[in-house]
Structures are given as C-alpha cells and as structure tokens.
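# Coordinates in review
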Amino acid sequence: QVQLVESGGGLVQPGGSLRLSCAASGIISSNYDWTWYRQAPGKQRELVARINRLRMLASATTYAGAVKGRFTISRDNAKNTVYLQMNSLKVEDTAVYYCQVADTWGQGTQVTVSS
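### What about the packing of aromatic side chains?
Taken as a whole, this structure holds 2 aromatic pairs when the rule is applied. Centre to centre, the rings of Y37 and W105 are 5.0 Å apart; their planes meet at 40°, and the pair counts as tilted. Separated by 68 residues along the polypeptide, Y37 in strand β4 (residues 34-39) and W105 in strand β10 (residues 104-105) bring together distant segments of the chain. With a centroid separation of 6.4 Å and an interplanar angle of 80°, the aromatic rings of Y98 and W105 are classed as edge-to-face. A relative accessible area of 22% places Y98 in the partly exposed class.

Right, here's the structure in full:
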C-alpha cells in the first residue's frame, strides 16, 4: 500500500517562507511524477507544482503561474520524499496543500498566510 505523510504547514506572515514535505512509503519514488495541489475555501483544487520522474541526466518541473518564481519543488529519492519550498508567501497562498503520487493523496497540510 502507498501512504503519504505531509508536514511543514503552519501560520506565516506575508513575505515569509515555509517548506512542505511529503514522505512516501510503499513505492519507489523515482519511478513516479510527484504533484503538489492546493485548495482554498470556495475555490477549485489547483495544481501548484509537479516534478517529473527523476532520471539520470534530466528532470522537469511545472509550476502554476501564480507561484512561479516563488515556489520550488524538489525530491530526495533516497528518502522517498518530495518538498515544496515556498518563499515570498502571499495571503492568497492560504490553502490546504496536498501531495499526490501514484494516484495516492496525502492527508493535506494547512498553510495560512496572515498578518
């Protein structure tokens, strides 16, 4: 069975930073794309960032326009973990963030950006 455990959310002031992590068990993470989504109250779930299967010589990432340049997705295959580094956070980044891999979802972690 695949299980994902998310952590790193919390309350931060505008302009601050957080790093989310998502640790997987039951899979070899290097075989899969990883995706971060978020959902704010009253809004559709949206893709935040995606990192392709890690290959020996290349990888690829995708970011939503709203977070491009501020967020960075990365992975540590030895730890079966994916990260989302979030810098220059804005109030509109407030949402529950979910990681997804191999059709399995993490439990979500709340990110609240507020003064």
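### Structural notes on the pattern of salt bridges
Applying the stated rule across the entire model yields 4 salt bridges. Put simply, D33 and R53 hold a salt bridge, and the shortest N to O gap is 3.8 Å. Of this pair, D33 sits in the loop between β3 (18-25) and β4 while R53 sits in the loop between β5 (46-51) and β6 (61-63), and the two are 20 residues apart along the sequence. Residues joined by salt bridges that share partners form a network here, namely R38, E46, R70 and D93.

What counts, and where the lines are drawn
Residues numbered from 1 in each chain as written. Predicted model: local features only at pLDDT ≥ 70, side-chain atom pairs only at ≥ 80, totals over all residues. Heavy atoms only, no water. Phe/Tyr/Trp six-rings, centres within 6.5 Å; stacked < 30°, edge-to-face > 60°. Helix = DSSP H or I, 4+ residues; strand = E, 2+ residues; numbered from the N terminus. Buried < 20%, exposed > 50% of the residue type's maximum accessible area, 1.4 Å probe, protein only. Salt bridge = Lys/Arg side-chain N within 4 Å of Asp/Glu carboxyl O.

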